[in-house]
Amino acid sequence: MVFDVPGKGRGLRATKEVWAGDVLFAEPSFAAVVFDSMAEQVCHNCFRRQPKLHRCGQCKFAQYCNRTCQRAAWEEHKLECAAVKAFGKVPNENIRLAARILWRLDKEGGVVSDTQLTSLDDLENHVSDMTEEDLKDLKIDIHNFLDYWPHNSRQHKVEEISHILGVINCNGFSMSDQRGLNAVGVGLFPNLCLVNHDCWPNCTVILNNGNQTAVNTLFHTQRRIELRALGKISVGEELMVAYVDFLNVSSERKRLLKQQYFFDCTCKHCTEHIKDDLMLAGKEVDGKKASEEEVKEVMEYSLKMLEKIDKARTEGNYHEVVKICRECLEKQEQVLADTHIYMLRVLSTASEVLAYLQFMEEAATYARKMVEGYMKLYHPNNAALGMGTMRAGVTHWQAGLIEVGHSMICKAYAILMVTHGPTHPITKDLEAMRTQTEMELRLFQQNEYVYHSMREAALKNQPMSLRAEPVVEGIKNLFRRK
């Protein structure tokens with residue numbers, strides 16, 4: 001139910017009591033596009049990453065898994081297809097999304113279903129709050145949009161185009177691939193725009209890429225977002241989601257929210273600075289804490305190292321990333337607590353890159369430390385905690401540490417059953433892993449020697465398969481930041 005929230009505008013509240021894992025609503029996108037940088041790696045219909053994609057024969061831009069995906073996307077793509085051909089080049093993702101939205105508005109109006117709770121005209125665009133630099137970018141986008149927009153389509157005023165681009169800027173939802181780790185596109189979901197922010201929310205939002213692979217189209221499911229409860233929500237309670245990752249101190253979260261979403265966060269965790277002390281804590285040994293000077297010095301050093309790590313990672317120099325991480329962790333572990341956010345960032349990168357390079361045992365050590373820190377900071381049903389625990393569990397399993405691996409995979413499965421639900425592809429993969437590791441654990445408990453012998457034989461007979469290349473940054477924010 002939509003209601004007015006003092007100081008926040010509109011919001012949504014529960015009309016019935018719900019429990020952890022319940023879906024409050026599912027919503028298909030009003031329109032969505034693949035990022036410019038991912039246009040040749042991701043299907044433009046289901047947003048899945050595929051090694052081999054089929055290109056649209058007309059515009060030579062759109063890419064699809066197969067004919068089924070291409071047919072499913074045609075209704076949304078056909079006007080774009082002709083426009084790209086006539087324009088002679090592909091405009092940026094903001095312009096492509098704005099065009100898709102306006103084509104749909106012209107055809108169906110601002111409310112396209114009985115379940116849509118708000119029209120696009122009523123959404124905030126925050127153009128009046130933009131910085132000079134953002135306004136300059138907006139003017140360039142409007143100019144390029146007018147060049148791209150076909151003459152035979154209904155013509156729109158600059159104010160209408162500006163409103164849609166403003167809505168995309170602050171309400172464009174990050175669309176993930178089927179792994180759920182990489183942001184590959186941006187979409188607009190009107191109902192989701194009504195859900196307000198809290199740093200410690202009672203709901204989470206996930207993208208379900210749907211299923212367009214079944215031969216019988218009756219079994220096809222739509223690409224959609226799902227708003228899921230993280231715990232018990234009473235009747236009349238406001239539904240809240242986190243717009244930014246919790247793994248930042250309150251002052252940094254407030255800065256990010258003000259910069260991107262134009263409001264001051266007044267949630268309990270920001271107002272009372274809850275868990276800030278843990279995120280910036282120094283190490284304590286035998287009741288003696290590291291001094292403030294030592295902590296400050298290592299934090300400054302860590303920031304410089306994190307910049308170097310990002311640079312080396314972006315360049316694909318993964319051995320250099322590992323070298324910097326090892327040096328950095330050697331200093332951090334002497335002074336910083338296991339919940340310090342700078343140490344957790346280095347542990348996350350080190351574990352992922354080492355696993356990619358097949359140094360599984362060392363990767364598992366860092367992954368375990370990362371999860372132990374996450375568990376002290378995150379909400380117990382946080383999706384990032386679930387995904388991190390899953391990654392750590394798989395790394396332990398691949399390192400031959402089956403007991404810890406199985407335990408972590410089970411913990412991750414319990415979290416993802418709440419955040420993603422039983423039918424999500426990631427949860428299904430995790431269920432298969434849980435069954436496999438349970439079988440291997442039984443064998444290990446019966447005879448460790450036989451287990452390790454069989455594992456070594458399997459590894460020798462199987463060509464080494466590299467993991468997917470580690471991404472620079474996973475999805476940390478609910479809405480896409482420019």
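Residues numbered from 1 in each chain as written. Predicted model: local features only at pLDDT ≥ 70, side-chain atom pairs only at ≥ 80, totals over all residues. Heavy atoms only, no water.

Q: Any chance you could explain the packing of aromatic side chains here in plain terms?
A: Centre distance and the angle of the planes are the two values used to describe a pair of aromatic rings. Throughout the structure, instances matching the rule amount to 11 aromatic pairs. Geometrically, the ring pair formed by F173 and F189 is edge-to-face, given 5.4 Å between the ring centres and 80° between the ring planes. With F173 in strand β7 (residues 173-176) and F189 in the loop between β8 (183-188) and β9 (196-197), the pair connects residues that are 16 residues apart, well separated along the chain. Considered together, F173 and F189 belong to a single accessibility category, that of buried residues. On the numbers, 6.1 Å between centres and 85° between planes, the contact of Y243 with F263 is edge-to-face. Of this pair, Y243 sits in the loop between β12 (240-241) and α5 (250-261) while F263 is found in the loop between α5 and α6 (268-271), placing the two residues 20 residues apart along the sequence. When its relative accessible area of 24% is taken as the criterion, F263 is described as partly exposed. (Phe/Tyr/Trp six-rings, centres within 6.5 Å; stacked < 30°, edge-to-face > 60°. Helix = DSSP H or I, 4+ residues; strand = E, 2+ residues; numbered from the N terminus. Buried < 20%, exposed > 50% of the residue type's maximum accessible area, 1.4 Å probe, protein only.)

Q: How should the environment of K139 be read in this particular structure?
A: Looking at the secondary structure, you find K139 in helix α3 (residues 132-148). Taking relative accessible area as the criterion, K139 reaches 62% and is therefore assigned exposed. Counting along the chain gives 23 residues from K139 to S162, while the straight-line C-alpha distance between them is 8.3 Å.

Q: What am I meant to see in the packing of helix α12 (residues 383-398) against helix α14 (residues 425-446) here?
A: Geometry of a packed helix pair, given as the angle between the helix axes and the separation of the axes. With their axes 12 Å apart at the nearest point, α12 and α14 run at an angle of 35° to one another. The two elements α12 and α14 cross, and the hand of that crossing is left-handed. In contact with M387, M390, V394 and W397 of α12, α14 contributes I426, L430, M433, Q436, T437 and E440. A class-by-class count of the residues in the contact of α12 with α14 yields 7 nonpolar, 2 polar and 1 charged. (Axes fitted to C-alpha atoms, helices over the stretch in contact; angles between N-to-C directions. Left-handed = near helix turned anticlockwise from the far one by under 90°. Contact = heavy atoms within 4.5 Å. Nonpolar A, V, L, I, M, F, W, Y, C, P; charged D, E, K, R; others polar.)

Q: Any chance you could explain the sheet that holds β7 here in plain terms?
A: Sheet strands line up and pair through hydrogen bonds in the backbone, either parallel or antiparallel. The strand order β4-β8-β7 describes an open sheet built from 3 strands, whose pairing is antiparallel. Edge positions in the open sheet fall to β4 (31-34) and β7, since each of these has one partner strand only. Looking at each pair of strands side by side, their axes are set apart by 35° on average, direction ignored. (Pairing = 2+ DSSP bridges.)

Q: What's the story with the pattern of salt bridges in this structure? I'm lost.
A: A side chain with one charge may pair with a side chain of the opposite charge, provided their charged atoms come close. One pass over the structure, following the stated rule, counts 19 salt bridges. Here D36 and R96 are joined by a salt bridge, their closest N and O atoms 2.8 Å apart. With D36 in the loop between β4 and β5 (54-55) and R96 in helix α2 (residues 93-108), this pair connects stretches of sequence that are 60 residues apart. Here K107 and E75 are joined by a salt bridge, their closest N and O atoms 2.4 Å apart. Here E75 lies in helix α1 (residues 67-87) and K107 lies in helix α2, a separation of 32 residues in the sequence. Residue K107 is classed as exposed on the basis of its relative accessible area, which comes to 58%. The structure contains a network of salt bridges with shared partners spanning E75, K78 and K107. (Salt bridge = Lys/Arg side-chain N within 4 Å of Asp/Glu carboxyl O.)

Q: Would you take a moment to explain the UniProt feature "domain: MYND-type" (unreviewed entry) in the protein chain for this structure?
A: Here, the residues flagged by UniProt with the feature "domain: MYND-type" (unreviewed entry) are residues 43-81. Secondary structure across residues 43-81 comprises 38% helix and 10% strand; the distance between its end C-alpha atoms is 15 Å. (UniProt positions renumbered as here; feature names shortened; annotations may be inferred.)

Q: Just checking my understanding: could you explain α5 for this structure?
A: In an α-helix, one turn spans 3.6 residues, which is why side chains three or four residues apart end up on the same side. When the terminal C-alpha atoms of α5 are compared, their 16 Å separation across 12 residues agrees well with the 16 Å that a helix rising 1.5 Å per residue should span. The set of residues buried in α5 consists of S250, R253, L256, L257, Q260 and Y261. The buried residues of α5 occupy an angular sector of 125° when projected down its axis, which confines them to one face. Buried-residue contacts for α5 involve α4 (158-171), β9, α6 and α7 (276-279). Positive phi appears at F262, one or two residues downstream of α5, with a value of about 65°. (Expected span 1.5 Å × (residues − 1). Arc of directions from axis to C-beta.)

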